[in-house]
Amino acid sequence: MILALETSCDDTCAAVVTSAGEIRSSVISSQGVHDRFGGVVPEIASRHHLELIGDVVDDALSQAGGSLPDVDLVGVTRGPGLVAALLVGVATAKGLAAAYELPLAPVDHLHGHVAAAFLAPEPFEPPFLSLVASGGHTLLARVLDRGAEFEVIGQTLDDAAGEAFDKGARLLGLGYPGGPALERLARDGDPGAFRFPAGERMAGVDFSFAGLKTALLYRVRDLGAEEAERRRADLAASYQRAIVESLALRVERALVRTGLERLSVGGGVAANGAVRDRMASLGVELHVPARELCTDNAAMIASAARFVAALPYPEYLDLDVYATGERILMAR
Ligand code: KG4
Ligand code: ZN
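### Looking at helix α5 (residues 178-186)
A large share of α5 lies buried, amounting to seven of its nine residues. Gly 178, Gly 179, Ala 181, Leu 182, Glu 183, Leu 185 and Ala 186 are the residues of α5 that are buried. Those residues of α5 hidden inside the fold are in contact with α4 (161-171), α8 (232-258) and α9 (273-280).

As structure tokens, then:
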């Protein structure tokens, strides 16, 4: 069985997955300490990972009914993410693997989000178009096999889709992370109440969300504090619709461009009900993982670990982390 660790941001995660992609356990400890800062503070995240990771790994192993000697491979997120946070996962993974001289598979976080689609009970087989929309990344990739060398054909030029949710939520006075809170508020609102730009005028399959956030800022200002407060749900619903339409438009274009007829959606934003519904309306064969496999988790990292070259002991002892996605995302 595969034990995987994920600590790229503020969730401390460990999971046990079989080589067939069956999830034996997936433990996620959300830190919940960054709310007051309106975003994740790297050093605080790192310290919390350090406090939590031992227990999270123990829980993952015991829930799977196993212990370290039963593990055949250790997988870990190597990047992209917060360096101080990644270091905790990578150092822990090295220690665990070295203790039993196990191989270690370094996993790219975005490959993890794509590889959530390969988990049992209904693994989605390539080729397909993958939309990954998270707090740090928004990309479209042509996935031809299960390895990490997928071809990125479009990505965001500025903010990520999750970031657009988080920043919009902040403007509407909601806490961090803003995506789930904005989705809840939007349920009571009219998505047609306000017109926000969905990047319709921008050709191609790249994304841009910075203008949308500014449009919301101006709209809130124009309405005035009292009216903006009264129409918060309408603002949230209309803003959410613009993000959803911006994603859907580029997915449609990418499907045409690649000739692919199957779509997989992942990343935290894929936990959003409106996103899920809209993608289901596109008329292609669709795979969206369960919500808890869309937001950060270690089961997706274990899934990806199955399809990358693992380093034998002791070759990984000097393995380093990386903050940005440049190592993988070059295939444009
Ligand atoms: O994939 P993820 O858990 O972490 C990163 O790799 O960034 O994505 C987190 C992002 C956050 O921006 C969060 O607000 C957003 O996903 N998110 C959502 C929802 N759940 C999480 N956005 C909209 N609706 C949701 N239900
Ligand atoms: Zn993620």
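Next comes the rest of the account.
### Remarks on the coordination of the zinc ion (ligand 2)
Every protein donor of the zinc ion (ligand 2) is listed here as His 109 (NE2), His 113 (NE2) and Asp 296 (OD), and their distances to the metal cover 2.0 to 2.1 Å. Written as a sequence motif, the donor residues of the zinc ion (ligand 2) are H-x3-H-x182-D. Taken as a pair, His 109 and His 113 lie in helix α3 (residues 109-115) at a separation of four residues, close to a single helical turn. The same class applies to His 109 and to His 113, which are both buried.

### Some words on the site of ligand 1
Among the 20 residues in the neighbourhood of ligand 1, the closest are listed as Gly 135, Asp 166, Glu 183, Asn 272 and Asp 296. The side chain of His 113 places a nitrogen or oxygen atom 3.2 Å from an oxygen atom of ligand 1. Here a nitrogen atom of ligand 1 and a side-chain polar atom of Glu 183 are 2.8 Å apart. With the chains in place, 89% of the 550 Å² that ligand 1 exposes on its own is no longer accessible. Counting only elements with at least two residues in the shell around ligand 1, the list comes to α3, α4 and α5. Mapping the shell around ligand 1 onto the domain boundaries places at least three of its residues in each of domain 1 (2-115 + 296-318) and domain 2 (125-288).

### Considerations on the packing of α4 against α5
Axes are the key here: two packed helices are described by the angle between their axes and the distance separating the axes. For the pair α4 and α5, the least separation of the axes is 8 Å and the interaxial angle reads 65 degrees. Note on packing geometry: the crossing formed by α4 with α5 is left-handed. Of α5, the residues touching α4 (which contributes Phe 165, Asp 166, Gly 168 and Ala 169) are Gly 178, Gly 179 and Leu 182. A breakdown of the residues in the contact of α4 with α5 according to their chemical character gives three nonpolar, three polar and one charged.

### Remarks on the sheet that holds strand β4 (residues 73-79)
Consider a sheet: its strands pair through backbone hydrogen bonds, and that pairing is either parallel or antiparallel. Read across the sheet, five strands follow the order β3-β2-β1-β4-β5 without closing on themselves; strand pairing throughout is mixed. One side of each edge strand has no neighbouring strand; the edge strands of this open sheet are β3 (23-30) and β5 (104-108). Taking the axes of each pair of neighbouring strands and ignoring which way they run, one obtains an average angle of 20 degrees across the sheet. Of the pairings in the sheet, the one linking strand β1 (residues 2-6) to β4 comprises four bridges and is parallel in character. Bridge pairing links Ile 2 to Leu 73 in β4.

### Examining helix α6 (residues 210-223)
Residues that lie three or four places apart on an α-helix share one face, since the helix turns once every 3.6 residues. Here α6 contains 14 residues, and its C-alpha end-to-end distance of 20 Å stays within 8% of the 20 Å for a straight helix at 1.5 Å per residue. Phi turns positive, to about 85 degrees, at Gly 224, one or two residues after α6.

### Some words on unusual backbone geometry
The omega angle of the peptide bond from Ala 120 to Pro 121 is 10 degrees, so this bond is cis rather than trans. Here Pro 121 is to be found in the loop between α3 and β6 (128-133). Cis geometry marks the peptide bond from Tyr 176 to Pro 177; its omega dihedral reads -5 degrees. Despite not being glycine, Glu 101 has its phi angle at roughly 55 degrees, a positive value.

Here is what the cut-offs are and how they apply
Residues numbered from 1 in each chain as written. Chains lettered and ligands numbered in written order. Predicted model: local features only at pLDDT ≥ 70, side-chain atom pairs only at ≥ 80, totals over all residues. Heavy atoms only, no water. Buried < 20%, exposed > 50% of the residue type's maximum accessible area, 1.4 Å probe, protein only. Helix = DSSP H or I, 4+ residues; strand = E, 2+ residues; numbered from the N terminus. Contact = heavy atoms within 4.5 Å. Donors = N, O, S within 2.8 Å, 3.2 Å for Na, K, Ca; no water. Near = heavy atom within 4 Å. Polar contact = N/O pair within 3.5 Å; in protein donor to acceptor, adjacent residues only side chain to side chain. Areas by Shrake-Rupley, 256 points an atom, 1.4 Å probe, with all protein chains shown as cover. Domains from an automatic or database assignment. Axes fitted to C-alpha atoms, helices over the stretch in contact; angles between N-to-C directions. Left-handed = near helix turned anticlockwise from the far one by under 90°. Nonpolar A, V, L, I, M, F, W, Y, C, P; charged D, E, K, R; others polar. Pairing = 2+ DSSP bridges. Expected span 1.5 Å × (residues − 1).

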